[in-house]
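# A closer look at the structure
The chain contents come next:
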Protein chains: 2
Amino acid sequence: MRAAELAEPYPVVNAGTSALVAARLLADKRLPGLVVVDADGAPSAVLPASQVVRFIVPTYVQDEPSLAGVLDEQAADRIAERLSGSTVGQLMPDKPPALAVVHADDTVLELAAAMARLRSPVCAVVDGGRVVGAVTASHLLEFVCSKVG
Amino acid sequence: MRAAELAEPYPVVNAGTSALVAARLLADKRLPGLVVVDADGAPSAVLPASQVVRFIVPTYVQDEPSLAGVLDEQAADRIAERLSGSTVGQLMPDKPPALAVVHADDTVLELAAAMARLRSPVCAVVDGGRVVGAVTASHLLEFVCSKVG
């Protein structure tokens with residue numbers, strides 16, 4: 001079985017995408033991370049959902065979570081502001097986690113190997129230099145378990 | 001809003017759980033990872049879906065994904081065997097990724113802060129030393145986006 005057969009349509013963002021749009025894409029389908037593409041449309045990194053969570057929590061609260069209780073109620077508005085005023089490029093970590101990428105013609109086992117090697121929660125499937133879909137780790141396990149019977 | 005109000009029922013496994021059962025739990029709801037509890041039922045680690053993928057891909061294929069094409073068709077049977085003959089304890093990495101944990105009475109912002117600090121894809125919510133549910137990063141973003149309107 002080829003990677004393209006297992007791949008599903010998957011949201012792709014770039015450095016200029018609104019952070020709020022990215023958050024909504026992750027939220028809507030409860031995805032573990034988004035595929036980030038460069039200016040040429042080639043997949044370049046994964047934006048994990050936990051990184052977006054990092055972005056919306058002020059650093060001093062991350063360092064001292066007990067402070068979170070103090071400012072709880074005003075938080076939602078500020079979070080909305082932070083997200084709508086920012087881009088994916090701004091919320092990417094300095095060293096983005098590696099994204100597994102395979103070609104549409106590669107086998108599902110090659111896809112699994114790429115994902116395993118990079119510990120990537122998602123693997124982009126490309127054809128002609130463009131992302132044609134992706135497979136999350138749990139989607140791959142769904143496929144494997146269906147084979148196990 | 002309290003963590004317990006946002007938490008959803010979430011599968012919990014321990015070191016003795018069958019690896020195949022763990023794979024199926026991840027697959028069924030497309031979860032980013034499972035909450036692993038110790039012998040006392042206290043949450044101790046997260047088992048990322050990508051770690052289960054690692055386990056089912058032979059090491060030499062991870063190192064050289066092009067080898068995957070060679071052995072594709074026999075793979076499903078072997079994967080089934082590997083999973084059904086193993087436990088969560090066996091497929092946990094030597095240094096398991098940290099699991100965010102908050103108390104049922106903690107606020108959602110405290111939950112976000114714990115998740116952000118540990119870059120955890122899921123946060124367990126405990127009460128009386130037991131896991132009463134969990135929140136994934138994308139579930140948290142769903143909540144945040146619903147507040148943004």
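The structure displayed is predicted, hence computed values, not measured ones. (Residues numbered from 1 in each chain as written. Chains lettered and ligands numbered in written order. Predicted model: local features only at pLDDT ≥ 70, side-chain atom pairs only at ≥ 80, totals over all residues. Heavy atoms only, no water.)

### Section: the interface of chain B and chain A
The line we're drawing: The contact criterion used is simple: two residues touch if any of their non-hydrogen atoms lie within 4.5 Å. Buried area is understood as the total, over both parts, of accessible area removed when two parts are fitted together, assessed with a 1.4 Å probe. Here, a salt bridge means any side-chain nitrogen of Lys or Arg that lies within 4 Å of a carboxyl oxygen of Asp or Glu. Counted as a polar contact is a pair of N or O atoms within 3.5 Å, where, for protein atoms, one must be capable of donating a hydrogen and the other of accepting one, and residues adjacent in sequence contribute only when both atoms are in side chains. Elements are defined by DSSP. Helices are runs of H or I of four residues or more, strands are runs of E of two residues or more, and each kind is numbered from the N terminus. Nonpolar residues are Ala, Val, Leu, Ile, Met, Phe, Trp, Tyr, Cys and Pro. Charged residues are Asp, Glu, Lys and Arg, and all others, Gly as well, are polar.
Between chain B and chain A, the residue contacts involve 55 residues of the former and 55 residues of the latter. Taking both partners together, chain B and chain A bury about 4,500 Å²; carbon and sulfur atoms supply 68% of that area. Per-residue buried area on chain B facing chain A is highest for Arg 30, Leu 109 and Leu 141 of chain B; these three make up 16% of the total on that side. Glu 8 of chain B serves as the salt-bridge partner of Arg 30 of chain A, at 3.0 Å between the closest nitrogen and oxygen. Counting every contact that joins chain B to chain A gives eight residue pairs in polar contact (both at pLDDT 80 or more). When contributions to the side of chain B that touches chain A are tallied by element, the ones reaching two or more residues are helix H2 (19-28), helix H3 (49-56), helix H4 (59-63), helix H5 (75-84), helix H7 (108-118) and helix H8 (137-148) of chain B. The element contributing the most residues to the side of chain B that touches chain A is H8 of chain B, with ten residues. Here the side of chain B that touches chain A is built from residues that sort into 32 nonpolar, eleven polar and twelve charged.

### Thoughts on the environment of Val 36 of chain B
Residue and element names in this part refer to chain B. We apply this condition: Exposure classes here rest on a 1.4 Å probe applied to the protein chains alone. A residue is buried below 20% of its type maximum, exposed above 50%, and partly exposed in between.
By the element assignment, Val 36 lies in strand S2 (residues 33-37). Judged by relative accessible area, Val 36 falls into the buried class, the value being 6%. Residue contacts for Val 36: discarding those within four places in its chain leaves Val 13, Asn 14, Ala 42, Pro 43, Ser 44, Ala 45, Val 46, Leu 47, Val 88 and Met 92.

### Focus: the pairing of S2 of chain B
Within a regular beta strand, the side chains point alternately toward one face of the sheet and then the other, so they alternate between its two faces. All names here are of chain B. To be explicit about the condition: Pairing between strands is defined by DSSP: at least two bridges between the two strands are required. For crossovers, right-handed means that the path from the first strand over the helix to the second runs clockwise, given strands pointing away from the viewer.
In terms of burial, S2 is a largely internal element, five of the five residues being buried. Relative to S2, strand S1 (residues 12-13) is paired through two bridges, and the arrangement is parallel. Looking at the pairing, Val 12 lines up with Val 35 of S2. The handedness of the S1 to S2 crossover, carried by H2, is right-handed. For S2 and strand S3 (residues 43-48), the ladder comprises five bridges, and the chain directions are antiparallel. Within the sheet, the bridge partner assigned to Val 37 lies in S3 and is Pro 43. A loop of five residues connects S2 with S3, the two strands running antiparallel in sequence, and Gly 41 in this loop sits at a positive phi of about 85°.

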